[in-house]
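Architecture at a glance
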Amino acid sequence: MAIPYKKVQRSNPFDLKAAPKFYVQLVTLGQTATLESIAYEMKETSSLSLGDIKSVLTNFVTAMRRALYNGHSVNIPGFGVFSLSARCDGAETIELCSVKKIRKVKINFRASSDVKPSLASKNAGDVMEFVDVEKALDRGEEGVPKE
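Residues numbered from 1 in each chain as written. Predicted model: local features only at pLDDT ≥ 70, side-chain atom pairs only at ≥ 80, totals over all residues. Heavy atoms only, no water.

For the rest of this paragraph, the subject is the pattern of salt bridges. Opposite charge on two side chains lets them pair, provided their charged atoms get close. Applying the stated criterion across every chain yields a total of 4 salt bridges. Among the ionic pairs, Glu36 bridges to Lys54, the shortest N-O distance being 2.6 Å. Placement of the pair is Glu36 in helix α1 (residues 35-44) and Lys54 in helix α2 (residues 50-69), with a sequence separation of 18 residues. Using a relative accessible area of 38% as the deciding quantity, one classes Glu36 as partly exposed. The residue Asp89 makes a salt bridge to Arg103 at a minimum N-O spacing of 2.8 Å. Remark: Arg103 occurs in strand β5 (residues 102-111) and Asp89 occurs in the loop between β4 (80-88) and β5; sequence separation between them is 14 residues. On the accessibility criterion, Asp89 (38% relative accessible area) is partly exposed. (Salt bridge = Lys/Arg side-chain N within 4 Å of Asp/Glu carboxyl O. Helix = DSSP H or I, 4+ residues; strand = E, 2+ residues; numbered from the N terminus. Buried < 20%, exposed > 50% of the residue type's maximum accessible area, 1.4 Å probe, protein only.)

Below, the structure written as structure tokens:
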């Protein structure tokens, strides 16, 4: 499998007078991986049933949300750490600073070094290959959906 990309031209938002440059933008193709598809793939390499895996993953999400909402971070060794952060308006004084200033709460994820992508990886299963979507479409390669 290869990671699809396309080339896009963008202006520098900090210097509108600068000439636009081209950047590689990774592309997501096809269907999003779902709980069902991930569970099925996990079933193929374990002794657990599809129902067992789906149940564990569903319960994990509930337990993780509960831990986060109780002020804890969630560390899954070999995967990463989930935590909450808040975007809020600043207050002029400490007395005016309150939870009413919170505009948005989001979940952050910091990937473990075990799952972080590495362009320098030498392990066969971790080597990333990239494919230019526009060139692949021009050649009519399999696996690249026609628009």
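This next bit is on the pairing of strand β1 (residues 3-10). The pairing of β1 with strand β6 (residues 130-132) spans 3 bridges and is classified as parallel. Counterpart to Tyr5 in the pairing with β6 is Asp132. (Pairing = 2+ DSSP bridges.)

A separate point is the packing of α1 against α2. Remark: α1 packs on α2, axes separated minimally by 9 Å, with the N-to-C direction vectors making an angle of 125 degrees. Put simply, α1 runs oblique to α2. When the axes of α1 and α2 are compared, the crossing they make is right-handed. Where α1 abuts α2, its residues Leu35, Glu36, Ile38, Ala39, Tyr40, Met42 and Lys43 lie against Leu50, Ile53, Lys54, Leu57 and Thr58. For the contact of α1 with α2, the per-class residue count stands at 8 nonpolar, 1 polar and 3 charged. (Axes fitted to C-alpha atoms, helices over the stretch in contact; angles between N-to-C directions. Parallel < 35°, antiparallel > 145°, perpendicular 65-115°, else oblique. Left-handed = near helix turned anticlockwise from the far one by under 90°. Contact = heavy atoms within 4.5 Å. Nonpolar A, V, L, I, M, F, W, Y, C, P; charged D, E, K, R; others polar.)

So, to be careful, I would describe these as geometric facts and stop short of saying anything about function.
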